[in-house]
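Chain by chain, the residues:
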Amino acid sequence: MSNITWQRAVIKIGSALIAPDGVQCSAQYLLPIARFITASLQAGKQVIVVSSGSVAAGRSKVPISHPASIAEKQAMAAIGQMQMMANWQRFFDIPCAQILLTADDLRDRKRYVNIKNTLRELMNHGALPIVNENDTVAVDELKVGDNDNLGAYTALVAQADTLIICSDIDGLYTADPRKNPQATLIERVPEVTSDIFSLAGGAGTAMGTGGMRTKIEAAQKCTKSGIQTVIVNGRNGQVFDALLDGQVQGTVFEAQRSELSARTLWLTHTLKTRGQLVVDAGAKDALTERGASLLPSGVLQVQGQFSAGDAVDIVFEDGAIAKGLSLYDSKDLQTIKGLKSRQIESVLGYSHGGAVVHRDDMVLMS
Ligand code: GLU
């Protein structure tokens, strides 16, 4: 058994625990989890829940015999989200607060900061934030897609020190324990490597989206950013009694030391790039050696179509050297690339400043 200490945790609870029979919410597994949350709050700790189960909970109200279409699933989520929240609220005297997010909300800097501020206010006011993906509005590329990764993003935005993933399996095993009786539980993972990923099979249950793979992805995102990640079996109430004493009956992925700022973590992990700016050697040196912003004079080529505020890769020869937010859209960049900063205003009729990507909005690739 491993020991952990923590102060602010995100606890992710999967559909298999919320709606074990796959059609409606059940209290069966939630009582020990709710007791753990209440005891942790009483001990002065902070907790944010990431709860799945809206689609599963809504399923009984949208009876269909064929595989559900996207719109049908979204209807289920809209109905089930209410049931899932109501199911949680009955375990707590403090108010539960609903937060519905999509991947797009996490990519947008303003919304990201709003999410962070709201979470902080909720915790300061003694409420329990309960996060889920906004399944009703998000499809495909707008989605995080699974709540393990959503849990990781929530831990990042909330600057938690711990992500606790409650699954229906005891933790990470050396092989799939459902198929291989020799499989043993791995209690500590010092670093998430490709060997660790190779231990993950496919998706776990028909209900949830995730399997071990998405849990390891979540652990990787978190541990790299200094957030320890734990996988425990949420069906085993005893796990939570142990956790209250800081003991993990499951797998602990150890946090890597991280001196990166919250903003850098956001730039690195949450942003999908929409285009590329190919730069010359002078700009590359200015960025990598002098900590400078990217100026239009150093841009040789603009690839892809993107808006102002979108993330772009900054590329020298064949390799990405940095990633950052472009202050101009791709069309205007085609016009100002190669020009001096002071020419921007006269050529475009406006200026967002002399830089194309400001230093504060940029991270260098290691
Ligand atoms: N957001 C989905 C739901 O609430 C769950 C996704 C997942 O479990 O990974 O039904």
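Notes on the structure in this doc start here. Small disclaimer: the values here were computed from a predicted structure and weren't measured.

Thresholds, definitions, all that
- Residues numbered from 1 in each chain as written.
- Predicted model: local features only at pLDDT ≥ 70, side-chain atom pairs only at ≥ 80, totals over all residues.
- Heavy atoms only, no water.
- Pairing = 2+ DSSP bridges.
- Helix = DSSP H or I, 4+ residues; strand = E, 2+ residues; numbered from the N terminus.
- Axes fitted to C-alpha atoms, helices over the stretch in contact; angles between N-to-C directions.
- Phe/Tyr/Trp six-rings, centres within 6.5 Å; stacked < 30°, edge-to-face > 60°.
- Buried < 20%, exposed > 50% of the residue type's maximum accessible area, 1.4 Å probe, protein only.
- Lys NZ or Arg CZ within 6 Å of the ring centre and 35° of its normal.
- Parallel < 35°, antiparallel > 145°, perpendicular 65-115°, else oblique.
- Left-handed = near helix turned anticlockwise from the far one by under 90°.
- Contact = heavy atoms within 4.5 Å.
- Nonpolar A, V, L, I, M, F, W, Y, C, P; charged D, E, K, R; others polar.

Comments concerning the sheet that holds strand β13 (residues 311-316)
- Taken in spatial order, the five strands line up as β12-β11-β13-β14-β15 in an open sheet, and their pairing is mixed. With partners counted over all chains shown, the strands left at the sheet margins are β12 (299-303) and β15 (362-364), one partner each. Looking at each pair of strands side by side, their axes are set apart by 25 degrees on average, direction ignored.
- Taken together, the four bridges between strand β11 (residues 273-279) and β12 define a ladder with antiparallel strand orientation. Bridging across to β12, valine 278 finds its partner in glutamine 301.

What to know about the packing of aromatic side chains
- Tallied over the full model, the rule gives five aromatic pairs.
- The interplanar angle of 65 degrees and the centroid separation of 6.5 Å between the aromatic rings of tryptophan 88 and phenylalanine 91 together place this pair among those described as edge-to-face. Of the two residues examined, tryptophan 88 and phenylalanine 91, each falls in the buried class.
- In textbook terms, an aromatic cluster arises when at least three aromatic residues are bridged by ring pairs, as seen for Trp6, Phe36 and Phe240.
- The aromatic ring of tryptophan 6 is capped on one face by lysine 45, whose charged end is 4.8 Å from the ring centroid.

Examining the packing of helix α7 (residues 147-157) against helix α9 (residues 212-224)
- It is the contact of α7 with α9, at a shortest axis distance of 8 Å, that shows an interaxial angle of 15 degrees. With respect to their mutual orientation, α7 and α9 come out roughly parallel. For the element pair α7 and α9, the recorded crossing hand is right-handed. Contacts between α7 and α9 involve Asp148, Asn149, Ala152, Tyr153 and Ala155 from the former and Thr214, Lys215, Glu217, Ala218, Lys221 and Cys222 from the latter.
- Among the residues making up the contact of α7 with α9, the classes are represented as five nonpolar, two polar and four charged.

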